[in-house]
Number of protein chains: 2
Amino acid sequence: MTATEYVQQAIAELDWQREPRGLYEPIGYTLSAGGKRLRPSLAVIASDMFDGKREEVLPAALALEVFHNFTLLHDDVMDKASVRRGRPTVHVRWNENTAILSGDQMLIEAYSLLSKVRADVLPEVLRLFNKMATEICEGQQYDVDFETRDDVQIEDYMMMIRLKTSVLLANALQTGALIAGAGEADQTALYNYGIETGLAFQLQDDLLDVYGNPETFGKATGGDILCAKKTFMLLTAMQSASDRERNLLSRLLADKSMDSQEKIAAVTEIYTGLNVRQACEEEMKKHTDIALAELDKLSVSSEKKLILIKLAEKLLARKE
Amino acid sequence: MTATEYVQQAIAELDWQREPRGLYEPIGYTLSAGGKRLRPSLAVIASDMFDGKREEVLPAALALEVFHNFTLLHDDVMDKASVRRGRPTVHVRWNENTAILSGDQMLIEAYSLLSKVRADVLPEVLRLFNKMATEICEGQQYDVDFETRDDVQIEDYMMMIRLKTSVLLANALQTGALIAGAGEADQTALYNYGIETGLAFQLQDDLLDVYGNPETFGKATGGDILCAKKTFMLLTAMQSASDRERNLLSRLLADKSMDSQEKIAAVTEIYTGLNVRQACEEEMKKHTDIALAELDKLSVSSEKKLILIKLAEKLLARKE
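In what follows, the accompanying structure is described. Nothing here was measured: the structure is a model prediction, and the numbers come from that model.

**A few points about the interface of chain A and chain B**
The accessible area lost on association of the parts is a frequent measure of interface size. Taken together, the contact between chain A and chain B spans 33 residues of the former and 33 residues of the latter. Applying the counting criterion to the chain A and chain B interface returns zero salt bridges. At the boundary of chain A with chain B, the tally comes to ten residue pairs in polar contact (both at pLDDT 80 or more). Elements with a contribution of two residues or more to the side of chain A that touches chain B: helix H2 (21-31), helix H4 (54-79), helix H6 (96-114) and helix H7 (122-148) of chain A. Along the lines of polarity and charge, the residues of the side of chain A that touches chain B split into 18 nonpolar, ten polar and five charged.

This is how it looks when you write it as structure tokens:
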């Protein structure tokens, strides 16, 4: 059984038929929506690499998936998003208070699952989990702060996506390895692989939001342009633009009366003229190369590394 | 130094001057508002009873205070409450998204503090904390559910306030004793004392909401009557009323056009005629007596029990 099949089965077996229904039904609804189950899979993959027992890493793997879905649930409230994975979000299907309280309970459930890991590794697993969870909240706050700041630099953006996206993947890998008994150097290499792969993945997401094919990308493109999100793409364009282009870009992004498709087309044309796509692809490659170099450091056989090499390639092979 | 002075000092020393300010400033604001610091004090009192080291119980005590304030912060969002301890609530002073995200971070901070307890007791402390936190969310959901249910019984109400109020006091006492090395029987007796004292305390709060003096009660009276909250007072009145009185009471509570003070006076008169106050005082006494009987079971000297006997008396001595 693959790691993903293993965690998918375990997620399906979690029992949310508890009382009061108003608290637990939205949790079951959220977790049944599917998704790649990437984070718990990474924990099991890391454990497999060090010949760990899958049932010993499972509670932590499940905690990561429940935690990830908790962040999506509360983020959707804060973003007033109405659809998630093709279904109404919890605050739309129920109401905002339900989304807040059931989300809180999901965070507690994540810790309840985590508390089931072996006692000898529990203090360290818990410490790393708390650090990761804190960084994700910090990343979310920076993301909000950047919306109204006009001095955001590319390095600020990279710091923010590291916190908001990368640390969860990195924690999943490190935690899986730690429970399986891996040493510190191996844990660190896997953590760093997770950080760098996460950065490359988020950069590609930003790129596909501009140049992607809506059908294969899975969502409409141009969303970041319409909300003037300060992504790597926009910040790079601003940095390399002439004064004239920078003014034009600023006016385009601030224009509230302009037709959406026209705005997307005009901004994309500027990006293309400034070679922003190429710059983003180079940055992605840089982080992917670092990720693969971290795998080289691992004290396991090449065959065992293959799954993470392929995963990095697969995550980054999403085409326009 | 008393237990309360000890925890007050430690709470004041917590550092919330961290970045991003938008995440941590509301946490510092919330925790600086004061309050009785009852829950962390109970943890230290229980530890003192078993000659525990205060610095060893402190992380769990602080976790309880941060957790309690997290519940208040999110409850205030859900209740749309604008004032807490005489100051604007976080969602009023900042905004709702800030209250959600900073609240989430407070819950994570509670677990970060908790993770610092001694490794040999951490698994059990964490397990008990998760159970308590889950019960509090369940209690909050039942509280919401009861607003729109018309079949709520007195025992349902007692179950709800046990979850929403008592388990946190009970957990504080048990956790303090556990970290100090108390045996299971002592832990259970303290837990039960906390449950019963919490019930008596909440019943008194309900009673004072009807018969209290607003100046000494600390808030306006009649709030439960105006929102037709199904408290012990109302449920007892409904149970002992004649059909005629029951209809009158229902009509009064549902009347949206009636003057508030007139409504409070009319409902209070019905309560008085039905001896609801006496019934509530008897129920309070019942739970206080059980609480004191639990203290009898403790394997510590009478002198060491005195502080909890006095605390129960003090909590319940709030007069109209």
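**As for helix H9 (residues 184-211) of chain A**
With 28 residues, H9(A) extends 40 Å between its outermost C-alpha atoms, agreeing within 8% with the 40 Å of an ideal straight helix rising 1.5 Å per residue. Here H9(A) lies mainly inside the structure; 24 of its 28 residues are buried.

**Here we look at the relation of the copies chain A and chain B**
Superposing chain A onto chain B takes a rotation of 180° combined with a translation of 0.0 Å along the rotation axis, leaving an RMSD of 0.0 Å. Considering both components of the superposition, the chain copies are consistent with a two-fold axis. Most of the interface of chain A is mirrored in chain B: 100% of its interface residues are interface residues there too.

**Here we look at the environment of A:Glu109**
Residues and elements named next belong to chain A. Of note, glutamate 109 is situated in helix H6. Each C-alpha atom of the pair glutamate 109 and isoleucine 27 lies 9.9 Å from the other, and the pair is 82 residues apart in sequence. In this structure glutamate 109 touches Trp16, Arg18, Tyr24 and Val66, once residues within four positions along its chain are discounted.

**Brief notes about the packing of helix H8 (residues 154-179) of chain A against H9(A)**
Residues and elements named next belong to chain A. Here H8 crosses H9 at 140°, and the two axes come no closer than 7 Å. Here H8 lies oblique to H9, going by the angle between them. Considering only the axes of H8 and H9, their crossing is right-handed. In terms of residue class, the contact of H8 with H9 is made up of 15 nonpolar, eight polar and two charged.

**So, the packing of aromatic side chains**
Scanning the entire structure with this criterion turns up eleven aromatic pairs over all chains. Both rings, one in A:Phe67 and one in A:Phe70, keep their centres 5.7 Å apart while their planes meet at 50°; by these two values the pair is tilted. Pair noted here: A:Phe67 and A:Phe70 are both in helix H4, with a separation of three residues, about one helical turn. Of the two residues, A:Phe67 and A:Phe70, neither departs from the other in class, the shared state being buried. With a centroid separation of 6.0 Å and an interplanar angle of 45°, the aromatic rings of A:Tyr142 and A:Phe146 are classed as tilted. Here A:Phe146 and A:Tyr142 lie together in helix H7, a separation of four residues that amounts to about one turn. Among the residues examined, A:Phe146 registers a relative accessible area of 4% and is labelled buried. Three or more aromatic residues link up through ring pairs in this structure, and these residues are A:Phe67, A:Phe70, A:Tyr111, A:Phe129, B:Phe67, B:Phe70, B:Tyr111 and B:Phe129.

Reading the values: the criteria
Residues numbered from 1 in each chain as written. Chains lettered and ligands numbered in written order. Predicted model: local features only at pLDDT ≥ 70, side-chain atom pairs only at ≥ 80, totals over all residues. Heavy atoms only, no water. Contact = heavy atoms within 4.5 Å. Salt bridge = Lys/Arg side-chain N within 4 Å of Asp/Glu carboxyl O. Polar contact = N/O pair within 3.5 Å; in protein donor to acceptor, adjacent residues only side chain to side chain. Helix = DSSP H or I, 4+ residues; strand = E, 2+ residues; numbered from the N terminus. Nonpolar A, V, L, I, M, F, W, Y, C, P; charged D, E, K, R; others polar. Expected span 1.5 Å × (residues − 1). Buried < 20%, exposed > 50% of the residue type's maximum accessible area, 1.4 Å probe, protein only. Least-squares fit on C-alpha atoms with pLDDT ≥ 70 in both. Axes fitted to C-alpha atoms, helices over the stretch in contact; angles between N-to-C directions. Parallel < 35°, antiparallel > 145°, perpendicular 65-115°, else oblique. Left-handed = near helix turned anticlockwise from the far one by under 90°. Phe/Tyr/Trp six-rings, centres within 6.5 Å; stacked < 30°, edge-to-face > 60°.

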